[in-house]
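Residue-level listing of the chains:
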Amino acid sequence: GTDQKTGKILGELESEVMEIVWQSQHPISVRDVTEILQKKRKIAYTTVMTIMGRLTEKGLLRCKTAERADAGAGSHSGAWKRKRACKMEPMPFMV
């Protein structure tokens, strides 16, 4: 939801993560985002994974997985939690 005091939809860390994802020219892993953030601040991989999971739940990121025969035909909504090969990309938006 929206922060009642500031009207912001994304927190500071969520915004930083989205900037990194948008600036990437290709789908980016949680580890890659963590390494970029660690140049600016001390932050744990699990924290970045949680933030990227929230951004996925908010519909701002999606998991891009390699095509695999055993991947199944299901939704990608929870795939970021299950697949180490998952890379994140921004959701396409209508302009």
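This text follows the structure it describes.
This is a predicted model, so every value here is computed, not measured.

**Concerning the packing of aromatic side chains**
A full pass over the atoms with the stated rule returns 0 aromatic pairs. For the cation-ring pair, arginine 31 lies above tyrosine 45, with the distance from its terminal atom to the ring centre recorded as 4.5 Å.

**A word on helix α2 (residues 30-38)**
Among the residues of α2, Val30, Val33, Thr34 and Leu37 are the ones counted as buried. Projected down its long axis, α2 shows its buried positions confined to an angular sector of 100°, all on one face. Packed against the buried residues of α2 are α1 (12-23) and α3 (45-57).

**What to know about the nonpolar core**
Nonpolar side chains in soluble globular proteins tend to be buried together. Residues Val17, Val33, Leu37, Met52 and Leu55 are the most contacted members of the largest nonpolar core, which totals 20 residues. Listing elements by their share of this core, those giving two or more residues are α1, α2, α3 and β1 (61-64). Here this core takes 5 residues from α1, the largest share from any one element. Residue contacts for valine 17: discarding those within four places in its chain leaves Val33, Leu37, Ile51, Met52 and Leu55.

**With respect to the pattern of salt bridges**
Oppositely charged side chains can pair when the atoms bearing their charge come close. Within the structure shown, the criterion is met by 4 salt bridges. One salt bridge connects glutamate 12 with arginine 41, and the closest N-O pair in it is separated by 3.7 Å. Of the two residues, glutamate 12 sits in helix α1 while arginine 41 sits in the loop between α2 and α3, which places them 29 residues apart along the sequence. Among the ionic pairs, glutamate 16 bridges to arginine 41, the shortest N-O distance being 2.2 Å.

Cut-off values and rules
Residues numbered from 1 in each chain as written. Predicted model: local features only at pLDDT ≥ 70, side-chain atom pairs only at ≥ 80, totals over all residues. Heavy atoms only, no water. Phe/Tyr/Trp six-rings, centres within 6.5 Å; stacked < 30°, edge-to-face > 60°. Lys NZ or Arg CZ within 6 Å of the ring centre and 35° of its normal. Buried < 20%, exposed > 50% of the residue type's maximum accessible area, 1.4 Å probe, protein only. Helix = DSSP H or I, 4+ residues; strand = E, 2+ residues; numbered from the N terminus. Arc of directions from axis to C-beta. Contact = heavy atoms within 4.5 Å. Core = buried A, V, L, I, M, F, W, Y, C linked by side-chain atoms within 4.5 Å. Salt bridge = Lys/Arg side-chain N within 4 Å of Asp/Glu carboxyl O.

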